[in-house]
Amino acid sequence: MSTLAPLRLLREPSNASEGNQSNATVGASGGWCQGLDIPNELFLALGLVSLVENLLVVAAILKNRNLHSPTYYFICCLAVSDMLVSISNLAEMLFMLLLEHGVLVMRPSIVRHMDSVIDMLICSSVVSSLSFLGVIAVDRYITIFYALRYHSIMTLQRAVVTMASVWLASTVSSTVLITYFRSNTILLCLIGFFLFMLVLMLVLYIHMFALARHHLHSISSQQKPPTAHRGGSLKGAVTLTILLGIFFICWGPFFFHLILIVTCPTNPFCTCFFSYFNLFLILIICNSVIDPLIYAFRSQELRRTLREVVTCSC
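Residues numbered from 1 in each chain as written. Predicted model: local features only at pLDDT ≥ 70, side-chain atom pairs only at ≥ 80, totals over all residues. Heavy atoms only, no water.

If you check an unreviewed UniProt entry, the protein appears there as Melanocyte-stimulating hormone receptor from Ficedula albicollis. Quoted straight from UniProt, the Subcellular location (unreviewed entry) entry for the protein says "Cell membrane". Its UniProt record, at the heading Sequence similarities (unreviewed entry), says of the protein: "Belongs to the G-protein coupled receptor 1 family." (UniProt positions renumbered as here; feature names shortened; annotations may be inferred.)

Here we take up the overall build of the protein. When helices and strands are tallied, the protein shows 13 helices and 0 strands. Counting helices and strands in the order they occur from the N terminus, the protein gives α-α-α-α-α-α-α-α-α-α-α-α-α. For the protein, with 314 residues in total, the buried portion stands at 47%. Across the protein, the fraction of contacts at a sequence separation of at least 24, relative to all contacts at a separation of at least 6, is 83%. Here the protein displays about 15800 Å² of accessible surface, and carbon together with sulfur accounts for 68% of that area. (Helix = DSSP H or I, 4+ residues; strand = E, 2+ residues; numbered from the N terminus. Buried < 20%, exposed > 50% of the residue type's maximum accessible area, 1.4 Å probe, protein only. Contact = heavy atoms within 4.5 Å. Areas by Shrake-Rupley, 256 points an atom, 1.4 Å probe, with all protein chains shown as cover.)

Now for helix α5 (residues 70–100). Residue pairs three or four apart in sequence face the same way in an α-helix, which turns once every 3.6 residues. Between the first and last C-alpha of α5 there are 45 Å, a value that for 31 residues agrees with the 45 Å anticipated at 1.5 Å per step. Among the 31 residues of α5, 22 are classified as buried, and the element is accordingly described as predominantly covered. Backbone geometry just downstream of α5 places Gly 102 in the positive-phi region, at approximately 75°. (Expected span 1.5 Å × (residues − 1).)

On to a nonpolar patch on the surface, then. A cluster of nonpolar side chains, contributed by Leu 168, Val 172, Val 176 and Tyr 180, occupies part of the molecular surface with about 390 Å² of accessible area. Along the chain, Leu 168 falls in helix α8 (residues 156–179). (Patch = residues over 30% accessible without salt bridge, like charges linked within 9 Å, V, L, I, M, F, W, Y side chains within 5 Å. Salt bridge = Lys/Arg side-chain N within 4 Å of Asp/Glu carboxyl O.)

In this structure the tally under the stated criterion is 1 disulfide. Between the sulfur of Cys 264 and that of Cys 270 lies a disulfide, 1.8 Å long from S to S. Between Cys 264 and Cys 270, the disulfide has an S-S torsion of -75° and is therefore left-handed. Neither residue differs from the other here; Cys 264 and Cys 270 are each classed as buried. Left without a disulfide partner, Cys 76 is nearest to the cysteine sulfur of Cys 77, which lies 5.9 Å away. (Disulfide = S-S within 2.5 Å.)

This paragraph deals with the UniProt feature "transmembrane region" (unreviewed entry) in the protein. As recorded in UniProt, the sites labelled "transmembrane region" (unreviewed entry) are residues 42–62, 74–97, 117–138, 159–179, 185–212, 233–261 and 273–297. Within residues 74–97, the helical portion is 100% and the strand portion 0%, while the C-alpha atoms at the span's ends are 35 Å from each other. Taken end to end, residues 159–179 is 100% helix and 0% strand, and its two terminal C-alpha atoms sit 30 Å from one another.

Our focus in this paragraph is the side chain of Asp 82. Locating Asp 82 in the fold gives a position in helix α5. Judged by relative accessible area, Asp 82 falls into the buried class, the value being 1%. When neighbours within four sequence positions are excluded, Asp 82 is seen to be in contact with Ser 50, Asn 54, Ser 129, Asn 287, Ser 288 and Asp 291.

Of note, Leu 99 is situated in helix α5. By relative accessible area, Leu 99 is classed as partly exposed at 26%. The sequence separation of Leu 99 and Val 111 amounts to 12 residues, and the corresponding C-alpha distance is 9.3 Å. Excluding its chain neighbours within four sequence positions, the residues that come into contact with Leu 99 are Leu 104 and Val 111.

Another aspect to go through is the pattern of salt bridges. Counted under the stated rule, the structure contains 2 salt bridges. For Arg 304, the salt bridge goes to Glu 301, with nearest N and O atoms at 2.7 Å. Here Arg 304 pairs with Glu 301, and both are found in helix α13 (residues 300–313), just 3 residues apart, close to one helical turn. Between Arg 304 and Glu 308 there is a salt bridge, with its nearest N and O atoms 2.7 Å apart. Within this pair, Arg 304 and its partner Glu 308 are both found in helix α13, separated by 4 residues, close to a single helical turn. Since its relative accessible area comes to 30%, Glu 308 is described here as partly exposed. Each of Glu 301, Arg 304 and Glu 308 takes part in a single network of salt bridges with overlapping partners.

Turning our eyes to something else, we now look at the packing of aromatic side chains. Note on aromatic pairs: each is described by the distance of the centres and the angle between the planes. For the coordinates displayed, the defined rule picks out 10 aromatic pairs. Consider the rings of Trp 251 and Phe 255, whose centres lie 6.2 Å apart with planes at 55°: the pair is tilted. Of this pair, Trp 251 and Phe 255 both sit in helix α10 (residues 228–263), 4 residues apart, roughly one helical turn. Per residue, the accessibility class of Trp 251 equals that of Phe 255, and both read buried. (Phe/Tyr/Trp six-rings, centres within 6.5 Å; stacked < 30°, edge-to-face > 60°.)

What follows covers the nonpolar core. One finds Ile 61, Met 201, Trp 251, Phe 254, Phe 255 and Leu 258 to be the most contacted residues of the largest nonpolar core, which totals 74 residues. Ignoring sequence-local partners within four residues, the contact set of Met 201 consists of Leu 130, Leu 133, Gly 134, Ala 137 and Leu 244. (Core = buried A, V, L, I, M, F, W, Y, C linked by side-chain atoms within 4.5 Å.)

In structure tokens, the structure reads:
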């Protein structure tokens, strides 16, 4: 799969080309340094599956009034972010295929403009997905530890402000990233943001699971069933923990790739790692495919509404 300008730099930094000559023998002696040849059809198929799944999630949340709450609005925004991943991937694939086969003939200036637009969608989806995972974690934390005050803390107005702020910040940051994509400082900021959000979510989930363990111990000692509200909140914490683990597995290699670009662009091991960039892209798209499946299986209300949406569409 060929990539556009800023993503080509992320695939392999420009200053790594000087070390590629000296590392050629290393790459030739190790077959694992040759990377993976992933067909374009796989990118297209995963992008289409992710797009359909996330469209269904958004439709289900909009259809069911019982899901019109800040928590599900945040989940809806996460689904929209995953849709951006799919749409940007499909747009990039179609754009490159049309150019390569001569079906689409455009001036270089227009190609660069389309290049920037598609890359901005990709970067915006990265930042917004990570941000909304953090927002959902904070929302769930408030639900569990401040259950009686939740509706006064997380009002609809504050939820709207939060969502608007995330989308605005994602758009601005992606624009800056595309404009100054050759700067290691920008990459360090992106890596730092990823690590900050990861640590934030880990701390919140550890605290939530500590409460869950204490709560279950109290139940077993008192022989009382958990309340529906607290039980649903703990179930949501488990769901979001699974989401966090999948997000780390799917996005971790990509951000490790960025770290290596900054720290060791000419090291033989790093240049070998760079050759697997297409695999990292596949993992990112897989994250967008897996998220809706978790929503459907973990939320009974959302699963029922999804069934209604599919039945009505048929």
